[in-house]
Amino acid sequence: QFMDYGEESDFWVTMVKFGVDIYFAGDVHDNTVTKDPHSNLLQVISRGNQFSNFLKVTVTDSILSITAYNEVGIKRMNNQNYTEHGSLTLDKSNCAANVADCTKISADGVLKLLDRTSALVHFNFEEIIPLGSQQVIGLQHDDHLDTLVAKSITIRGIKSEKSLPNQGSFGQQYDAQISNVALLGNDSRGSSYATFTENSRLGIFTNGPHTTGGIISYALWIKTSQSLEMTLVHYGHAFPFPNPKEKEMRKNMFTLTLSNGNPILYASPLQRLEPASAFHLNDNKWHHVAVSMPSPSCQLSEVLMYIDGRVVATKTPQKNPIIFFVTSGRMSIGGFGYSNERFEDALPNLSNFVGGIDDFFMWTRTIEEQDLSTMGLS
């Protein structure tokens, strides 16, 4: 939940014990509703931010309903025009009859119950849409001081006017803004895929979704012939951090790279996990790479690395930290995206990815066998 090990905390257990219906956990960057796995207790996170978004709560004797509203208009703020963005209803009309599990929950839009077991972020690279056709609330685009909805945004010197829809359960708030990414079809995997060049950009502006010691897993298909060390998936600090040559990062990044075909996972510029024996996946054929934390706050050496569906032996040639993520980080594919400009100096060995990428998944749980089947692996 919205606190470390929240479901086991005394606070949470007490709410479940006394039949609390909704825990309003505060205002952050997105609207989310999560359900306790063992009861009907709901956690509701809202988004305000200069009255661009708000919730209306209506309570009767047996029904509690919440409606989310989102600002629409041309001006940056104070458009005084809102549309319904989602709804949530708890109906306890049958509870007077002592019916077991009597609460009926219905939800849609941004208040739809979050499926925490599915991939929160999934890019299938089947469709590219104009930037702004699906609003990412809070996106600080090129004209964000003047207009509410984005038409363009600059990512590390390259202007983006297109978007890649997120098919994961976190929805459009985690859409990616892209530039110089082309979709090609009819490959050997039977679907379209994305081609990246040195000038490609794919960044997710919304913070996270990595949380302190929470479990994170990545998986994606890649195809390349390059020998440089290239960024596959990057999650790193949005704000300035100390020079790693002078002071170690206090909170971790989580960045997957490919060096002459060999996958490497960085928890910081000086902390990495790599295969015990080098692989050479830069043969211009499709390969599948995945990394998965087996438990919260595990050590870097405990992270599982999969290559083409099989767990491989790994090593940590430098330090072996307990993973504790920076929560104000941003995620990207193929480069540093919206993360802080200091990463170029902290990791000067990294280049932007050149090649093909398909079916990227990100979970906040450990990868399971059925996930490998879903991704086309035996």
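Just so we're clear, the structure is a prediction, and the values are computed from it rather than from any experiment.

**Student:** Any chance you could explain the overall build of the protein chain here in plain terms?
**Tutor:** Along the backbone of the protein chain there are 3 helices and 27 strands. At 22 Å, the protein chain has a C-alpha radius of gyration in line with the 21 Å of a compact globule built from 378 residues. Principal-axis analysis of the C-alpha atoms places the extent of the protein chain at approximately 65 × 50 × 45 Å. Expressed as a percentage of the 378 residues in the protein chain, the buried residues total 52%. Here the contacts in the protein chain between residues at least 6 apart in sequence split such that 64% fall between residues at least 24 apart. Accessible surface for the protein chain amounts to roughly 17300 Å². Of this, 49% is attributable to carbon and sulfur atoms. Positive and negative charge centroids in the protein chain, built from 29 and 39 side chains respectively, lie 4 Å apart.

**Student:** I'm lost on the pattern of salt bridges in this one. Help?
**Tutor:** A side chain of one charge can pair with a side chain of the opposite charge if their charged atoms are brought near each other. Tallying each qualifying case throughout the model produces 6 salt bridges. When the shortest N-O distance is used, the salt bridge between R156 and E344 registers 2.7 Å. On the criterion of sequence distance, the pair formed by R156 in the loop between β10 (153–155) and β11 (158–160) and E344 in helix α2 (residues 343–346) is long-range, its members being 188 residues apart. K315 is the partner of E274 in a salt bridge, and the nearest nitrogen-oxygen pair spans 3.8 Å. Pair noted here: E274 is in strand β21 (residues 271–275) and K315 is in strand β25 (residues 314–315), with a separation of 41 residues, a long-range link. With a relative accessible area of 11%, E274 lands in the buried category. Connected via shared salt-bridge partners are R272, E274 and K315.

**Student:** Teacher, can you tell me more about the sheet that holds strand β1 (residues 22–27) here?
**Tutor:** Hydrogen bonds between backbone atoms are what pair the strands of a sheet, whose relative direction is either parallel or antiparallel. Strands sit in the order β1-β3-β2 across an open sheet of 3 strands; the sheet is mixed. In this open sheet, the two strands that pair with only one neighbour each are β1 and β2 (32–35). Mean inter-strand twist for the sheet, computed between neighbouring axes without regard to direction, equals 15°. Sheet topology places β2 next to strand β3 (residues 42–46); 4 bridges connect them, and they run antiparallel. The partner of V33 across the bridge, within β3, is V44.

**Student:** In this structure, what is going on with the state of the cysteines? I would like to understand it.
**Tutor:** Across all of its chains, the model carries 1 disulfide by this definition. Shown here is the disulfide that connects C95 with C102, its sulfur atoms set 2.0 Å apart. One quick way to see it: the torsion about the S-S bond of C95 and C102 is about 100°, and its sign makes the bridge right-handed.

**Student:** Quick question: what am I supposed to make of a nonpolar patch on the surface here?
**Tutor:** Among the surface-exposed residues, F24, V57 and V59 lie close enough to one another that they form a single nonpolar patch of about 280 Å² accessible area. Looking at the element boundaries, V59 is found in strand β4 (residues 53–59).

**Student:** Just checking my understanding: could you explain the packing of aromatic side chains for this structure?
**Tutor:** The way to describe two aromatic rings as a pair is by their centre distance and the angle between their planes. Enumeration over the complete set of coordinates arrives at 17 aromatic pairs. Taken together, a centroid distance of 6.3 Å and an interplanar angle of 70° make the contact between F196 and F353 edge-to-face. Pair noted here: F196 is in strand β15 (residues 193–196) and F353 is in the loop between α2 and β27 (355–363), with a separation of 157 residues, a long-range link. Classification of F196 as buried rests on a relative accessible area of 3%.

**Student:** Help me understand the pairing of strand β19 (residues 255–259), please; the structure alone is not making it clear to me.
**Tutor:** Walk down a regular strand and you will see the side chains alternate between the two sheet faces. Counting buried positions along β19 gives 4 out of 5 residues, so the element sits mostly inside the fold. In this structure, β19 lies alongside strand β20 (residues 262–268), joined through 5 bridges in antiparallel fashion. From the neighbouring strand, L256 faces β20, where its bridge partner is L265. Between the antiparallel neighbours β19 and β20 lie 2 residues, among them N260 with a positive phi of about 50°.

How each quantity is defined
- Residues numbered from 1 in each chain as written.
- Predicted model: local features only at pLDDT ≥ 70, side-chain atom pairs only at ≥ 80, totals over all residues.
- Heavy atoms only, no water.
- Helix = DSSP H or I, 4+ residues; strand = E, 2+ residues; numbered from the N terminus.
- Rg over C-alpha atoms; globule rule 2.2 N^0.38 Å.
- Buried < 20%, exposed > 50% of the residue type's maximum accessible area, 1.4 Å probe, protein only.
- Contact = heavy atoms within 4.5 Å.
- Areas by Shrake-Rupley, 256 points an atom, 1.4 Å probe, with all protein chains shown as cover.
- Lys, Arg positive; Asp, Glu negative; His and termini not counted.
- Charge placed at Lys NZ, Arg CZ, Asp CG, Glu CD.
- Salt bridge = Lys/Arg side-chain N within 4 Å of Asp/Glu carboxyl O.
- Pairing = 2+ DSSP bridges.
- Axes fitted to C-alpha atoms, helices over the stretch in contact; angles between N-to-C directions.
- Disulfide = S-S within 2.5 Å.
- Patch = residues over 30% accessible without salt bridge, like charges linked within 9 Å, V, L, I, M, F, W, Y side chains within 5 Å.
- Phe/Tyr/Trp six-rings, centres within 6.5 Å; stacked < 30°, edge-to-face > 60°.

Scope: geometric values only; no functional claims are made or implied.
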